[in-house]
Amino acid sequence: MDWQGQKLAEQLMQIMLLVFAVVAFTAGYILGSFQTMIQIYAGGVVLTTLITVPNWPWFNRHPLQWLDPSEAEKHPKPQLQPVNSKKKSAKK
């Protein structure tokens, strides 16, 4: 799953859970059944999970282009600067 696919999956998950919550609450309120509300929402969570968790092809439309190992060796790696951990004492 690429970066855009992750963003799409998260947005889709949030929208679907919100829609199922509203539908479940409305149906439970109209029918006067807490059990029905929980069942509808649980079904929505399962459906949302089945749609957003697997790595479906539509979540992988923008694959990352990695460098070949031979190309990566041509570019120098950045060198870390040594960190001086000594603190300067304040003189009074």
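Procedures and definitions
- Residues numbered from 1 in each chain as written.
- Predicted model: local features only at pLDDT ≥ 70, side-chain atom pairs only at ≥ 80, totals over all residues.
- Heavy atoms only, no water.
- Helix = DSSP H or I, 4+ residues; strand = E, 2+ residues; numbered from the N terminus.
- Buried < 20%, exposed > 50% of the residue type's maximum accessible area, 1.4 Å probe, protein only.
- Contact = heavy atoms within 4.5 Å.
- pLDDT = per-residue confidence, 0-100.
- UniProt positions renumbered as here; feature names shortened; annotations may be inferred.
- Expected span 1.5 Å × (residues − 1).
- Polar contact = N/O pair within 3.5 Å; in protein donor to acceptor, adjacent residues only side chain to side chain.
- Phe/Tyr/Trp six-rings, centres within 6.5 Å; stacked < 30°, edge-to-face > 60°.
- Arc of directions from axis to C-beta.

**Some remarks on the side chain of Thr 48**
Part 1: Tracing the sequence through the fold places Thr 48 in helix H2 (residues 34-52).
Part 2: Look at Thr 48 and you get buried, because its relative accessible area is 2%.
Part 3: With near-sequence residues (within four places) excluded, Thr 48 lies in contact with Met 13, Met 16, Leu 17 and Phe 20.

**With respect to the confidence of the model for the chain**
Part 1: Mean pLDDT over the chain works out to 85, with 88% of the residues at or above the 70 mark.
Part 2: Helix H3 (residues 69-74) is the least confidently modelled element of the chain, averaging 73 in pLDDT, while H2 averages 96, the highest of any element.

**A short note on the UniProt feature "transmembrane region" (unreviewed entry) in the chain**
Part 1: Mapped onto this numbering, the UniProt entry annotates "transmembrane region" (unreviewed entry) at residues 12-32 and 38-59.
Part 2: Annotated as residues 12-32, this span is 95% helix and 0% strand, and its ends, taken at the C-alpha atoms, are 29 Å apart.
Part 3: End C-alpha atoms of residues 38-59 are separated by 29 Å, and the span's content is 68% helix alongside 0% strand.

**Some words on helix H1 (residues 3-31)**
Part 1: Look at H1: 42 Å from first C-alpha to last across 29 residues, which is about the 42 Å you get at 1.5 Å a residue.
Part 2: Within the span of H1, buried status applies to Gly 5, Ala 9, Met 16, Ala 24, Ala 27 and Gly 28.
Part 3: Along its buried surface, H1 packs onto H2.
Part 4: Here H1 starts with a cap whose side-chain oxygen sits 3.3 Å from the backbone nitrogen of Gln 4, and that cap is Asp 2.
Part 5: A positive phi of about 70° marks Gly 32, the residue just after H1.

**A closer look at the packing of aromatic side chains**
Part 1: A full pass over the atoms with the stated rule returns one aromatic pair.
Part 2: Pairing Phe 25 with Tyr 29 gives two aromatic rings, centres 6.1 Å apart and planes at 20°, and the pair type is stacked. Of this pair, Phe 25 and Tyr 29 both sit in helix H1, four residues apart, which is roughly one turn of the helix. As far as burial versus exposure is concerned, Phe 25 and Tyr 29 are alike and both exposed.

**A word on H2**
Part 1: Taking 1.5 Å per residue, 19 residues should reach 27 Å; H2 reaches 27 Å between its end C-alpha atoms and fits that length.
Part 2: Met 37, Gly 44, Thr 48 and Thr 52 are the residues of H2 that are buried. One face of H2 carries all of its buried residues, which in axial projection span an arc of 50°. Facing away from the buried side of H2, by more than 90 degrees, are the exposed residues Gln 35 and Leu 50.
Part 3: Structurally, H2 contributes buried residues whose contacts are with H1.

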